[in-house]
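Residues per chain, in single letters:
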There are 2 protein chains.
Amino acid sequence: MINEHTMKQPKITLAGAGPGDAELITLKAVKALNTADVVLYDALVNEELLGHAPASAVKVYVGKRSGDHTYSQDTVNKLMVDYALNYGHVVRLKGGDPFVFGRGFEELEYAALHHIPTQVIPGISSSISVPELQHIPVTHRGLSESFWVVTGTTADGRISNDLIEATKSKATVVVLMGIHKLAEITELFKNEGKHHLPAAVIQSGSTTNEKVAVGMVDNIVELVKENGITSPALLIFGEVVSLHPEFQIINDAVNAK
Amino acid sequence: MINEHTMKQPKITLAGAGPGDAELITLKAVKALNTADVVLYDALVNEELLGHAPASAVKVYVGKRSGDHTYSQDTVNKLMVDYALNYGHVVRLKGGDPFVFGRGFEELEYAALHHIPTQVIPGISSSISVPELQHIPVTHRGLSESFWVVTGTTADGRISNDLIEATKSKATVVVLMGIHKLAEITELFKNEGKHHLPAAVIQSGSTTNEKVAVGMVDNIVELVKENGITSPALLIFGEVVSLHPEFQIINDAVNAK
């Protein structure tokens, strides 16, 4: 008798899980999960989403484990392909959008090397949605004609040259994975004389653990400390931050000190 | 007897409809549509999505009408508030994400001025997803540490200064609403010596009408003409475009001419 698993066609769907709120996933990603034989999911994925997969599906967490040990990208790639060959349809569920600093393309390339059919399903990127849910638009007539999204953590641990250039621009600057370099990043803006540029830091945007600090380049480091904001967090710099409902109140309070 | 409509609490939900594919909408936006009394929708919204609203809901198209007459932003704002006061829950459904060049924040501000409770639901932005569905990641290790999204059509019709700056940067540059300025934009890249920078133009991304031209700064205008690509279209410039499956084939063919 042929094993049921060996009869399934291998297939990999790379899908975005959105920023954290379990309802900020697309219908297309839900449908993919509905037919998953295996789900490989990351640390920032809301585990409620696993409920869209059949009860019989294998669910494998490939994010950070206790002790901060991480699966290497190689290991994730291999697991993904092994599961597809042995179980059929693998949904690789990644936080936010899989192509925004998610190394999703590398996973697709690896699958293609092994001749496994792939599909990619975009997700709601935190870069746009996390400020948005705080009523900060990345663009706004008269305030910003563009937005620039940069990683705060490059492969070799340095500050990206793109981020240095971004601090010189008039774009709204969104930094992902940058909270540990916040002080250094604010120095870059200060070097450009942008001490009073509005700035916000948002932790765990879209979830019940959401925390926000709204201020300006000069005081955002202090506000982040006061509010106990830690990783995962997104940084946003630009005049659009002044549209946040608390901006005026917070800055009046700071100036009155 | 009190009219049923007058008993409903006014409420406005600004929701993103995604890039065009009817399955690229979030569960949260679908739930909002399920309880809509009125849906106000734009030209780039897939009309299939109206099926998520009750049959009894009023559906109003506020995009371009025949003869290219457009509703002004003022008219849309007023319609939105009038419907909320008279009918209850208005879902304002906008293409892509409502805060990416969508003037969504202006609509929220107008609603707030009229003391109508509002909610915003992010959508899948075409800026990231349209390249993604063509297997072009906006970021990729070794090729791009950031992406810069700029409008090709500013309020006063000029090229945005941010776009001029973007052509000088190493960021992946995504231009929305820029196809009518494609020749002018490629000149900006040429001024920076970037004749061979990979470039793609994607029309109606994620829909059955999708068309794509993949090339480089020097030949993309010609390729767009050859492929009969028109608005609505997105432009993407950067080394990441070289990851597109057709890139090598297309450029070999062009070079062999």
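See the structure above.
Residues numbered from 1 in each chain as written. Chains lettered and ligands numbered in written order. Predicted model: local features only at pLDDT ≥ 70, side-chain atom pairs only at ≥ 80, totals over all residues. Heavy atoms only, no water.

Student: What is the right way to look at the nonpolar core in this model?
Tutor: What tends to happen in soluble globular proteins is that the nonpolar side chains get buried as a cluster. V201 and F237 of chain A together with V201 and F237 of chain B are the most contacted members of the largest nonpolar core, which has 50 residues in total. Those residues in contact with F237 of chain A, other than ones at most four positions away along the chain, are A171, T172, V173, V175, L182, I185, T186, F189, L197, P198, A199 and V217 of chain A. One finds A17, A32 and V39 of chain A together with A29 of chain B within the second-largest nonpolar core, a separate group that totals 42 residues. (Core = buried A, V, L, I, M, F, W, Y, C linked by side-chain atoms within 4.5 Å. Buried < 20%, exposed > 50% of the residue type's maximum accessible area, 1.4 Å probe, protein only. Contact = heavy atoms within 4.5 Å.)

Student: Would you mind going over the interface of chain A and chain B with me for this structure?
Tutor: Interface size is often expressed as the accessible area that is lost when the parts come together. Taken residue by residue, the interface counts 57 residues in chain A and 57 residues in chain B. Across the chain A/chain B interface, buried area totals approximately 4700 Å², and carbon plus sulfur atoms make up 62% of it. Across the contact surface, chain A and chain B share 8 salt bridges. Notably, a salt bridge pairs D21 of chain B with K28 of chain A, separated by 2.8 Å at the nearest N-O pair. Scanning the region where chain A abuts chain B turns up 26 residue pairs in polar contact (both at pLDDT 80 or more). At the level of elements, α1 (27-34), α3 (104-113), β5 (118-121), α4 (126-133), β6 (146-151) and α5 (161-168) of chain A are the ones that each hand at least two residues to the side of chain A that touches chain B. For the side of chain A that touches chain B, the element with the highest residue contribution is β6 of chain A, accounting for 6 residues. Bridge count for β6 of chain A against strand β6 (residues 146-151) of chain B is 5 bridges, and the pairing is antiparallel. Directly across from F147 of chain A, in β6 of chain B, lies its bridge partner V149 of chain B. (Buried area = accessible area lost by both parts, 1.4 Å probe. Salt bridge = Lys/Arg side-chain N within 4 Å of Asp/Glu carboxyl O. Polar contact = N/O pair within 3.5 Å; in protein donor to acceptor, adjacent residues only side chain to side chain. Helix = DSSP H or I, 4+ residues; strand = E, 2+ residues; numbered from the N terminus. Pairing = 2+ DSSP bridges.)

Student: What's the story with the relation of the copies chain A and chain B in this structure? I'm lost.
Tutor: Two chain copies here: they are related by a rotation about an axis and a translation along the same axis. Mapping chain A onto chain B leaves a residual RMSD of 0.0 Å; the transformation is a rotation of 180° accompanied by 0.0 Å of translation along its axis. Expressed as an axis order, the relation between the two copies is that of a two-fold axis. Same-surface contact between copies: 100% of interface residues of chain A are shared with the interface of chain B. (Least-squares fit on C-alpha atoms with pLDDT ≥ 70 in both.)

Student: Please explain the sheet that holds strand β1 (residues 11-16) of chain A as it appears in this structure.
Tutor: Working definition: the strands of a sheet are paired by backbone hydrogen bonds and lie parallel or antiparallel to each other. Residues and elements named next belong to chain A. One open sheet accounts for 5 strands, arranged β3-β2-β4-β1-β5; its pairing is parallel. The open sheet has two edge strands, β3 (58-61) and β5, and neither has a second partner. Neighbour-to-neighbour, the strand axes of this sheet turn through a mean angle of 15°, independent of strand direction. Pairing of strand β2 (residues 38-41) with β3 involves 4 bridges; the strand directions are parallel. Note on β3: the bridge partner recorded for V38 is V58. (Axes fitted to C-alpha atoms, helices over the stretch in contact; angles between N-to-C directions.)

Take it as geometry only, folks, not as evidence of what the structure does.
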